[in-house]
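Listed here are the chains, written in short residue letters.
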Amino acid sequence: MKDSVISANNLSVAYANQLVLNKVNFSVAQGQIFALLGGNGAGKSTTLKTFLGTLKPQSGSANILGKPVHQHINTSRKQIAYLPESVMLYGHLTAIENIQYFLSLADIKQSVQQIEDALTQVSLQPQAWHNKLSQYSKGMRQKTAIALALLRQAPILFLDEPTSGLDPAAIDEFNQLMSQLAQAGSTIFMVTHDVYGACQVANKIGLLHQGELISLFNAEHNQSIDTETVHKAFVRGIRA
Amino acid sequence: MSTLLIIAHDEWRYWRRSKLALVTIIISIVMALTSVVLTTISVADENHQRAHLQQQAEQTFVEQPDRHPHRMVHYGHYLFRNSTPLSTIDPGIDSYTGKAIFLEGHRQNSATFSNQQHSSQLTEFGPLSPAFVLQTIAPLLLILIGYSAISRETEAGTLSFLLAQGLSYWQLLLGKVAALFSVNLLVLSPFILGCLLAASHGESSAIIVTFILSYLVYLLVWTLFIVAISALTNSNNSSFAMLICCWLFACLLLPRIAANTTQYLVEQPSKIENDFAVKAKLRELGDGHNSADPAFLQLKANLLAQYQVEKVEDLPVNFRGIVAKNSEAELTKILNTFAKEQMQRELKQSTTNQLFAWLTPALAIRGLSMQLAGTDISSYHKFLREAEQVRYEFVQSLNKAHAEQLNYQTDINRYQDSQALQNARVSANNWQILNNFEFKPFNAEQRLTQSKLALMQLTFWLIILAVFLGLVGRKSQC
Ligand SMILES: Nc1ncnc2c1ncn2[C@@H]1O[C@H](COP(=O)(O)OP(=O)(O)O)[C@@H](O)[C@H]1O
Ligand SMILES: [Mg+2]
């Protein structure tokens, strides 16, 4: 487990004594894309928040680069770029201003040119770049947030339902982008309930059901994980 | 450090783009500026007028023709109080104590004139004095500008996103505090100019610096409070409602409750009651205008013995003048006792009132500001005491002239005919008895000593709010 970038070690999390995650174990190596699948309320966002350090584990640990997050919050946060489930950027700022602001808070310097490149990469139409975000659709905000996550140039990406709110073409582009990033060395952890999308990009899929990791799928030799298998397991899990 | 500036800078950008905040900031500055300019002009104008009136009063007195000296005692004289340099910022109780005193024999015209119970009427402070703007209006405007500082981020969800960027909650809180504090500086700048002007009019720099710092601390207390409440509440609405309630309580309700409670605790006899008590006491003295009053028999006997003569007519001094002088001295003793009691009651009211500053910072700054500006009740008492000194000296100088320069026979026969009346006069040279009067407030050291309690109270509030924000910061940290 030494070279795992992201790992959960008997991770249990509770909200006010109610156990939401129960002894979850997995690990993600550098350059891998891990997709955490699960129905509503399975505990996906909870898992993610534990890695971000906004929730403390009841027992076990969530590790970044082998170190428990809750003990090394600041060092691990510096390694992470995070895309929340519903994108929270500032309505009174334009896409470029938003990105500049958040980057400056993270003490990262990027030129306007680099920001525009990133916005192009996530295919946000240039006419909108200088409009205030209060006028954006959900998908456009999502794209802005993805651009920000890319610009953070963090080696690890945490994404909570990144493709919700995107149109099918944008989802395709997004998945391609993730593959490119992973090939360039980024480690990606994404939470989703889009089985198809997950199978398309992920090297590893974890299936979460009522706080327990009921199965793990691995992609073998550059082949993608079989959608049918995952889908069956997913539905069975929900029905069970 | 730079992160704080980035956050503060973004807060300003938000204010610039949100009309409410922008308009409020502009209103604050305009209000601060106009209040300073208007009071500075009116105080300068008043001081100018007062200097003129004082000079005129002295001149009219001195230019009186030859007269009977006791007529001059009743002719009287006016004293005008000039404002302290910082009264341009805080007129304090000046606005209702009146600034002129009529000095005459046998009376202290202002000893019972002032009344601390007026201070409960907010309007008595002058609705737009810079002190009122800073103490009462500025916190309200700060609330309008800053109530959503953190709650806006909580409500929109940007807070957790900010934290996920590696920003610490502390940095966010302090960044917002820095932004709101820069608004304080902006609003304070007209006042600082007013203070510098006061410095150029001779106010000590120790007082000026303490004065400015006190207001800065007061606004900082509100700033910390606003950011803390905004962080504690989960929505803009509840943050706003809570802050407005606290403002109402701290700036409007508590000062009134304090004033009413003080009045209840430290009872003040009504003016009529007091006047009756004084009159009753004075009646025991005898009438100083009537040298035949039995009250002066002893005095007469002593004088006759002293000069070894048989009759009053044979005395080398005018017995009527001696009686006037003696009874003025006795009467003044009584008046001073009453005046002293009255002042002690007023001081007690003011110190009792100041205790309520442990409950609201608004009272801490109110007391502190008046004490530093020299416009509080103890400064006013100093003026009354000095005015009484002037009154007593000028009346007794006239009585001395009465005793020494006017023959007793001429004096008692003055109503026989018009010629006799003409004769019963002394030279106008005797009117040259007035010294130039200029009121000076307590010196810087004395005022700083007087304001020690209020300074402590304000410091107490700063500490409390710093601790409060600290707790909020710790609690909300994940
Ligand atoms: N702040 C919270 N307090 C109490 N329970 C919570 C809280 N957030 C989530 N839960 C509960 O924890 C479980 C997992 O939630 P979550 O991780 O958000 O699920 P999802 O897989 O849909 O992202 C759900 O039952 C949810 O009701
Ligand atoms: Mg979720």
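Computed from a predicted structure; not experimentally measured. (Residues numbered from 1 in each chain as written. Chains lettered and ligands numbered in written order. Predicted model: local features only at pLDDT ≥ 70, side-chain atom pairs only at ≥ 80, totals over all residues. Heavy atoms only, no water.)

Asks: An account of the overall build of chain A is requested, with residue identities and associated values reported.
Replies: Of regular secondary structure, chain A possesses eight helices and 10 strands. Relative to a compact globule of 240 residues, whose C-alpha radius of gyration would be 18 Å, chain A shows 18 Å and is just as compact. Each principal axis of the C-alpha atoms in chain A carries an extent, and together these give about 50 × 40 × 35 Å. Taken across its 240 residues, chain A has 55% of its residues classed as buried. (Helix = DSSP H or I, 4+ residues; strand = E, 2+ residues; numbered from the N terminus. Rg over C-alpha atoms; globule rule 2.2 N^0.38 Å. Buried < 20%, exposed > 50% of the residue type's maximum accessible area, 1.4 Å probe, protein only.)

Asks: Report on the interface of chain B and chain A, specifying residues and quantitative values.
Replies: Contacts between the two partners involve 19 residues from chain B and, on the opposite side, 22 residues from chain A. For the pair chain B and chain A, the two sides together bury roughly 2,100 Å², of which 61% comes from carbon and sulfur. Viewed at the interface, chain A and chain B are joined by one salt bridge. The partner of B:Arg17 in a salt bridge is A:Glu97, and the shortest N-O contact between them spans 2.7 Å. Linking chain B with chain A are four residue pairs in polar contact (both at pLDDT 80 or more), by the criterion used here. For the side of chain B that touches chain A, the secondary structure elements donating two or more residues are α1 (2-17), α6 (151-156) and α7 (158-164) of chain B. Sorting elements by how many residues they give to the side of chain B that touches chain A places α1(B) first, with seven residues. When its residues are assigned to classes, the side of chain B that touches chain A shows 10 nonpolar, five polar and four charged. (Contact = heavy atoms within 4.5 Å. Buried area = accessible area lost by both parts, 1.4 Å probe. Salt bridge = Lys/Arg side-chain N within 4 Å of Asp/Glu carboxyl O. Polar contact = N/O pair within 3.5 Å; in protein donor to acceptor, adjacent residues only side chain to side chain. Nonpolar A, V, L, I, M, F, W, Y, C, P; charged D, E, K, R; others polar.)

Asks: Provide a residue-level description of the domain arrangement of chain A, including the pertinent values.
Replies: Residues and elements named next belong to chain A. We note that the domain assignment places domain 1 (1-79 + 155-240) and domain 2 (88-154) within chain A. Centre-to-centre, using C-alpha coordinates, domain 1 lies 24 Å away from domain 2. Domain 1 puts 19 residues into the contact, and the matching count from domain 2 is 13 residues. Taken together, both faces of the contact between domain 1 and domain 2 bury some 1,100 Å²; the carbon and sulfur share is 60%. Our count for the domain 1 to domain 2 interface comes out at zero salt bridges. In this assembly, domain 1 and domain 2 are joined by four residue pairs in polar contact (both at pLDDT 80 or more). Only α2 (73-79), β7 (156-160) and α6 (168-183) provide two or more residues apiece to the side of domain 1 that touches domain 2. Looking at the side of domain 1 that touches domain 2 residue by residue, the classes come out as nine nonpolar, six polar and four charged. (Domains from an automatic or database assignment.)

Asks: So what's going on with the pairing of strand β4 (residues 59-64) of chain A? Residues and values would help.
Replies: Regular strands show a simple pattern: their side chains alternate between the two faces of the sheet. Residue and element names in this part refer to chain A. In the sheet, strand β1 (residues 4-15) pairs with β4 via five bridges, with the strands oriented antiparallel. Opposite Ser12, over in β4, you have Ser59 as the bridge partner. As paired strands, β4 and strand β5 (residues 67-68) are joined by two bridges and run antiparallel to one another. Each residue of the ladder has a partner; that of Asn63, found in β5, is Pro68. (Pairing = 2+ DSSP bridges.)

Asks: An account of the packing of aromatic side chains is requested, with residue identities and associated values reported.
Replies: Centre distance and the angle of the planes are the two values used to describe a pair of aromatic rings. Residues and elements named next belong to chain B. All told, the structure shown has 23 aromatic pairs over all chains when counted by the stated rule. The lysine or arginine in question, Arg152, covers the ring of Tyr14, its NZ or CZ lying 3.5 Å from the ring centre. In this arrangement the basic side chain of Lys382 is found over the ring face of Phe442, its NZ or CZ atom lying 5.5 Å from the centre. (Phe/Tyr/Trp six-rings, centres within 6.5 Å; stacked < 30°, edge-to-face > 60°. Lys NZ or Arg CZ within 6 Å of the ring centre and 35° of its normal.)

Asks: Would you mind going over the nonpolar core in detail, with residue names and values included?
Replies: If you look at the biggest cluster of nonpolar residues, it comprises 165 residues, and the most contacted ones within it are A:Ile6, A:Phe158, A:Phe189 and A:Ile205. With 17 residues, helix α9 (residues 205-232) of chain B is the single largest residue contributor to this core. Two domains share this core, each providing at least three of its residues, namely domain 1 (1-79 + 155-240) and domain 2 (88-154) of chain A. Residues B:Tyr380, B:Phe383, B:Leu406 and B:Trp431 belong to the second largest nonpolar core, which totals 25 residues. (Core = buried A, V, L, I, M, F, W, Y, C linked by side-chain atoms within 4.5 Å.)

Asks: I'd love a proper account of the site of ligand 1, names of residues and values included.
Replies: All names here are of chain A. Lining the immediate surroundings of ligand 1 are Tyr15, Val20, Gly39, Asn40, Gly41, Ala42, Gly43, Lys44, Ser45 and Thr46. One nitrogen or oxygen atom from the side chain of Ser45 is found 2.8 Å from an oxygen atom belonging to ligand 1. For ligand 1, an oxygen atom lies 2.5 Å from a polar atom in the side chain of Thr46. With three residues, helix α1 (residues 44-52) is the largest single contributor of residues to the shell around ligand 1. Residue composition of the shell around ligand 1, by class: three nonpolar, six polar and one charged. (Near = heavy atom within 4 Å.)

Asks: Account for unusual backbone geometry, naming residues and giving values.
Replies: Residues and elements named next belong to chain A. Phi is positive for Asp107, close to 60 degrees, though the residue is something other than glycine. Along the chain, Asp107 falls in the loop between α3 (95-105) and α4 (112-121). In this structure Asp107 comes out as exposed when scored by relative accessible area, which is 57%. Positive phi is not limited to glycine here, since Ser123 has a value of about 50 degrees. Along the polypeptide, Ser123 turns up in the loop between α4 and α5 (138-151). For Ser123, a relative accessible area of 26% corresponds to the partly exposed category.

Asks: Requested: an account of the pattern of salt bridges, with residues and values cited.
Replies: All names here are of chain B. Here the structure, examined in full by the defined rule, presents 13 salt bridges over all chains. In this structure, the salt-bridge partner of Glu153 is Lys176, at a minimum N-O distance of 3.0 Å. Linking Glu153 in helix α6 with Lys176 in helix α8 (residues 169-200), this pair joins segments that are 23 residues apart in sequence. For Lys176, a relative accessible area of 2% corresponds to the buried category. One salt bridge connects Arg447 with Glu203, and the closest N-O pair in it is separated by 3.0 Å.

Asks: Report on helix α14 (residues 361-373) of chain B, specifying residues and quantitative values.
Replies: All names here are of chain B. With 13 residues, α14 should cover 18 Å at 1.5 Å per step; its first-to-last C-alpha distance of 18 Å lies within 8% of that length. Counting buried positions along α14 gives 13 out of 13 residues, so the element sits mostly inside the fold. Here α14 starts with a cap whose side-chain oxygen sits 3.1 Å from the backbone nitrogen of Ala362, and that cap is Thr360. Residue Gly374 follows α14 closely and has a positive phi angle near 75 degrees. (Expected span 1.5 Å × (residues − 1).)

Asks: Which residues make up the packing of helix α2 (residues 19-62) of chain B against α8(B), and what values do they have?
Replies: Residue and element names in this part refer to chain B. With their axes 9 Å apart at the nearest point, α2 and α8 run at an angle of 10 degrees to one another. The orientation of α2 with respect to α8, classified from their angle, is roughly parallel. In this structure, α2 contributes Ile25, Ser28, Ile29, Ala32, Leu33, Ser35, Val36 and Thr40 to the contact, and α8 contributes Val183, Leu186, Val187, Pro190, Phe191, Gly194 and Leu197. Across the contact of α2 with α8, the residue classes tally to 11 nonpolar, four polar and no charged. (Axes fitted to C-alpha atoms, helices over the stretch in contact; angles between N-to-C directions. Parallel < 35°, antiparallel > 145°, perpendicular 65-115°, else oblique.)

Asks: Any details on a nonpolar patch on the surface? Residues and values, ideally.
Replies: Residue and element names in this part refer to chain B. A cluster of nonpolar side chains, contributed by Leu355, Trp358, Leu453 and Met456, occupies part of the molecular surface with about 350 Å² of accessible area. The topology assignment puts Trp358 in the loop between α13 (319-355) and α14. Relative accessible area serves as the criterion here: at 31%, Trp358 is assigned to the partly exposed category. (Patch = residues over 30% accessible without salt bridge, like charges linked within 9 Å, V, L, I, M, F, W, Y side chains within 5 Å. Areas by Shrake-Rupley, 256 points an atom, 1.4 Å probe, with all protein chains shown as cover.)

Asks: Just give me the short version of the side chain of B:Ser151, but keep the residues and values in it.
Replies: For B:Ser151, the position within the fold is in helix α6. A distance of 3.4 Å separates the side chain of B:Ser151 from the backbone oxygen of B:Tyr147, its partner in a polar contact.

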